[in-house]
Amino acid sequence: MTPQDREPFAQLLTDVLGFYGQTTSTFALTVWWEACRNLEFSAVQRALSRHAMDPDRGMFAPKPADVVRQVMGTPTDRAARAWSITLDAASRVGAYSDVVFDDPIIHACIEDMGGWVALCRTDTDRLSYLQHRFTEAYRAYSNRGDLTQYPRKLVGDRSPDDVYMARGLPPPKPVLIGDPARAQLVLTNGSTSGRLQITSMGEALHGAIGLIESKAEDAA
């Protein structure tokens, strides 16, 4: 959502919680905003409607975790989807090209596992183990908060940029994976150092949401 969505978002929540006989407060609206600000306003609207119609969960007033789950799935769902996207890209693009995913957490996970080239050249019999490592790392990063520093791109097995520049040639452009606009933002906002950091703002909230979702999965 954009800052312009904050007022209609607050009104939407006031109406929804009023339907359940609850009132809102400045603190509650701030918590909700921090949890949902990375989602589309229309997606939040649909998620709240689906929650109200859910035969089980709809009997109770929605929590931020309910909306995030409706829009994005559980951490396990998101991790499995991210692994599927990663594996498909490794198969289609290969180790010789730079890539940029539209999800910076994928960059963090792949770096943790040794980088793009190592992933692409993993033996088939090790893919199951690699999948486990990737999905566990993805869930951990998701639960800890928003990445503020991550590799802006995953470098393929090619000559360094300065070799191209010495020959008067531009370095090859990376292949964008997923939504091109979001992938371009990942490339623009990423770090060349590769260091990973997590924002403190919203970290406790996202961690709490992940804990709630994990407990719900365990109880299911």
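Since this is a predicted model, take the numbers as computed values, not measurements. (Residues numbered from 1 in each chain as written. Predicted model: local features only at pLDDT ≥ 70, side-chain atom pairs only at ≥ 80, totals over all residues. Heavy atoms only, no water.)

### Considering the environment of Asp77
On the secondary structure map, Asp77 appears in helix α5 (residues 75–92). Asp77 gets classed as partly exposed once you look at its relative accessible area, which sits at 39%. Linking Asp77 and Thr135, residues 58 residues apart in sequence, is a C-alpha distance of 9.5 Å. (Helix = DSSP H or I, 4+ residues; strand = E, 2+ residues; numbered from the N terminus. Buried < 20%, exposed > 50% of the residue type's maximum accessible area, 1.4 Å probe, protein only.)

### Digging into the environment of Gly190
Tracing the sequence through the fold places Gly190 in the loop between α10 (180–189) and β4 (197–198). Residues Gly190 and Lys153 lie 37 residues apart in sequence; the distance between their C-alpha atoms is 7.5 Å. When near neighbours in sequence (up to four residues on either side) are disregarded, Gly190 contacts Tyr150 and Arg152. (Contact = heavy atoms within 4.5 Å.)

### Quick notes on the nonpolar core
Among the nonpolar cores identified, the biggest contains 29 residues, and Phe101, Ile110, Trp116, Phe134 and Tyr138 are the most heavily contacted of them. Where this core is concerned, the elements lending two or more residues are α5, β1 (99–101), α6 (104–112), α7 (116–120), α8 (127–144) and α10. Residues Met1, Phe9, Cys36 and Phe41 belong to the second largest nonpolar core, which totals 15 residues. (Core = buried A, V, L, I, M, F, W, Y, C linked by side-chain atoms within 4.5 Å.)

### Looking at the pattern of salt bridges
Enumeration according to the criterion identifies eight salt bridges in this entry. Note that Asp66 and Arg69 form a salt bridge whose closest N and O atoms lie 3.0 Å from each other. In this pair, Asp66 and Arg69 both sit in helix α4 (residues 64–72), three residues apart, roughly one turn of the helix. Using a relative accessible area of 11% as the deciding quantity, one classes Asp66 as buried. With a closest N to O distance of 2.9 Å, Asp157 and Arg121 form a salt bridge. With Asp157 in the loop between β2 (147–149) and α9 (161–166) and Arg121 in the loop between α7 and α8, the pair connects residues that are 36 residues apart, well separated along the chain. (Salt bridge = Lys/Arg side-chain N within 4 Å of Asp/Glu carboxyl O.)

### Description of the packing of aromatic side chains
Aromatic rings in a pair are described by how distant their centres are and how their planes are angled relative to each other. Inspection of every chain in the model, using the stated rule, returns five aromatic pairs. Ring geometry for Phe9 and Trp33: centres 5.5 Å apart, planes at 65 degrees, overall edge-to-face. In this pair, Phe9 is assigned in helix α1 (residues 6–19) and Trp33 in helix α2 (residues 26–36), connecting sequence segments 24 residues apart. Ring plane angle 90 degrees and centroid distance 5.2 Å describe the contact between Phe19 and Tyr20, whose orientation is recorded as edge-to-face. (Phe/Tyr/Trp six-rings, centres within 6.5 Å; stacked < 30°, edge-to-face > 60°.)

### As for the side chain of Asp66
At 2.8 Å, the side chain of Asp66 forms a polar contact with the backbone nitrogen of Lys63. Excluding anything up to four places from it in sequence, Asp66 contacts His51, Arg57 and Ala61. (Polar contact = N/O pair within 3.5 Å; in protein donor to acceptor, adjacent residues only side chain to side chain.)

### Some points on the packing of helix α3 (residues 41–53) against α4
In helix packing, the relevant descriptors are the interaxial angle and the interaxial distance, both defined with respect to the helix axes. Running from amino to carboxyl end, α3 crosses α4 at an angle of 110 degrees, the nearest separation of the two axes being 9 Å. Relative to α4, the element α3 lies roughly perpendicular. The residues of α4 that touch α3, namely those facing Ala43, Val44, Ala47, Leu48, Arg50 and His51, are Asp66, Val67, Gln70 and Val71. A per-class count over the contact of α3 with α4 returns six nonpolar, two polar and two charged. (Axes fitted to C-alpha atoms, helices over the stretch in contact; angles between N-to-C directions. Parallel < 35°, antiparallel > 145°, perpendicular 65-115°, else oblique. Nonpolar A, V, L, I, M, F, W, Y, C, P; charged D, E, K, R; others polar.)

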